[in-house]
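# Residue-level structural notes
The lines below spell out each chain.
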Amino acid sequence: MKARLIEELAALEHEQWAHWTRHFIDNTTPENLARWKAQCATRYADLSEAEKEKDRVWARRVLAILEESGEG
């Protein structure tokens, strides 16, 4: 059970990484790089609600996997 859960979460993490990497490749501009650097230096609590919601989308997907596995 735990090994399957790790694999499901790892697959989701890869999906998240691939999603970001495709976005990065398609949208790399000096302006976006400056914005992304600023976001990297910003604590989650200090992000805008719109940026927080982007993170919450992925958190909800993790929660769904945990709930389906009986861990959540």
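All chains use their own residue numbering, which begins from 1 and follows the written sequence. Whole-chain, interface and lining totals are the exception, using all residues; otherwise, since this is a predicted model, local features are given only for residues with pLDDT of at least 70 and side-chain atom pairs are given and counted only at 80 or more. Side-chain numbers come from the whole structure's heavy atoms, not from hydrogens or water.

What follows covers the overall build of the protein chain. In this text, helices come from DSSP runs of H or I with a minimum length of four residues, and strands from runs of E with a minimum of two, each type numbered from the N-terminal end. A tally of helices and strands in the protein chain yields three helices and zero strands. Each helix and strand of the protein chain, ordered N terminal to C terminal, gives the series α-α-α. Relative to its length of 72 residues, the protein chain is extended, with a C-alpha radius of gyration of 15 Å against a globular reference of 11 Å. Principal axes of the C-alpha set define a box for the protein chain whose edges measure 45 × 25 × 15 Å. Counting the 72 residues in the protein chain, one finds 15% classified as buried. Taken as a whole, the protein chain presents about 5,700 Å² of accessible surface, with 59% of it coming from carbon and sulfur. Charge assignment in this entry is limited to Lys and Arg as positive and Asp and Glu as negative, and neither His nor the chain termini are counted. Charged side chains are reduced to one point each, which is NZ for Lys, CZ for Arg, CG for Asp and CD for Glu. Looking at the protein chain, you have 11 positive and 14 negative side-chain charges, and the mean spots of the two groups are 3 Å apart. Radius of gyration means the value over C-alpha atoms here, while the globule rule gives 2.2 Å times the residue count to the 0.38 power. Each residue gets one of three labels from its accessible area relative to the maximum for its type: buried under 20%, exposed over 50%, partly exposed in between, using a 1.4 Å probe on protein chains only. Accessibility throughout is a Shrake-Rupley quantity obtained with a 1.4 Å probe, and a residue counts as covered only by protein chains that appear here.

Helix span, as expected, comes to 1.5 Å for every residue beyond the first. In a regular helix each residue adds 1.5 Å, so 21 residues correspond to 30 Å; helix H3 (residues 49–69) covers 30 Å between its end C-alpha atoms and thus fits that length. Those residues of H3 lying buried are Glu-51, Lys-52, Trp-58, Ile-65 and Ser-69. By definition in these notes, contact holds between two residues if any of their heavy atoms fall within 4.5 Å. On its buried face, H3 is in contact with helix H1 (2–27) and helix H2 (30–40). With its phi angle positive at about 85°, Gly-70 sits one or two positions after the end of H3.

So, on to the packing of H1 against H3. Between two packed helices, both the angle of their axes relative to each other and the distance between the axes serve to describe the pair. The interhelical angle for the contact between H1 and H3, taken along N-to-C directions, is 165°, at an axis separation of 10 Å. Here H3 runs roughly antiparallel to H1, going by the angle between their axes. At the point where H1 passes H3, the crossing takes the right-handed sense. On the side of H1, the interface is formed by Arg-4, Leu-5, Glu-8, Leu-9, Leu-12, Glu-15, Gln-16 and His-19, while H3 contributes Trp-58, Arg-61, Val-62, Ile-65, Leu-66 and Ser-69. Residues are grouped as follows: Ala, Val, Leu, Ile, Met, Phe, Trp, Tyr, Cys and Pro are nonpolar; Asp, Glu, Lys and Arg are charged; all remaining types, including Gly, are polar. A breakdown of the residues in the contact of H1 with H3 according to their chemical character gives seven nonpolar, three polar and four charged. Only C-alpha atoms enter the line fits that serve as axes; for helices the fit covers just the stretch in contact. Angles between N-to-C directions range over 0 to 180 degrees. With respect to orientation, any angle under 35 degrees is reported as roughly parallel, any angle over 145 as roughly antiparallel, any angle of 65 to 115 as roughly perpendicular, and every other angle as oblique. Crossings are classed by handedness, with left-handed meaning an anticlockwise turn of the near helix from the far one by less than a right angle and right-handed meaning a clockwise turn.

Turning next to the layout of surface pockets. Definitions used for this entry: grid spacing 1 Å over protein atoms alone; cavity, a set of points where a 1.4 Å probe fits but cannot get out; pocket, an open set with protein on both sides within 12 Å along at least 5 of 7 lines; lining residue, one with an atom within 4 Å of a point. Grid points are joined across faces, edges and corners, and a volume is the space filled by probe spheres set on the points. Within this model, the largest pocket holds a volume of roughly 600 Å³. Trp-20, Gln-39, Glu-51, Lys-54 and Asp-55 are the residues nearest the centre of the largest pocket, which is lined by 13 residues in total. For the lining of the largest pocket, the elements supplying multiple residues, two or more each, are H1, H2 and H3. Considering only residue class, the lining of the largest pocket consists of five nonpolar, four polar and four charged.

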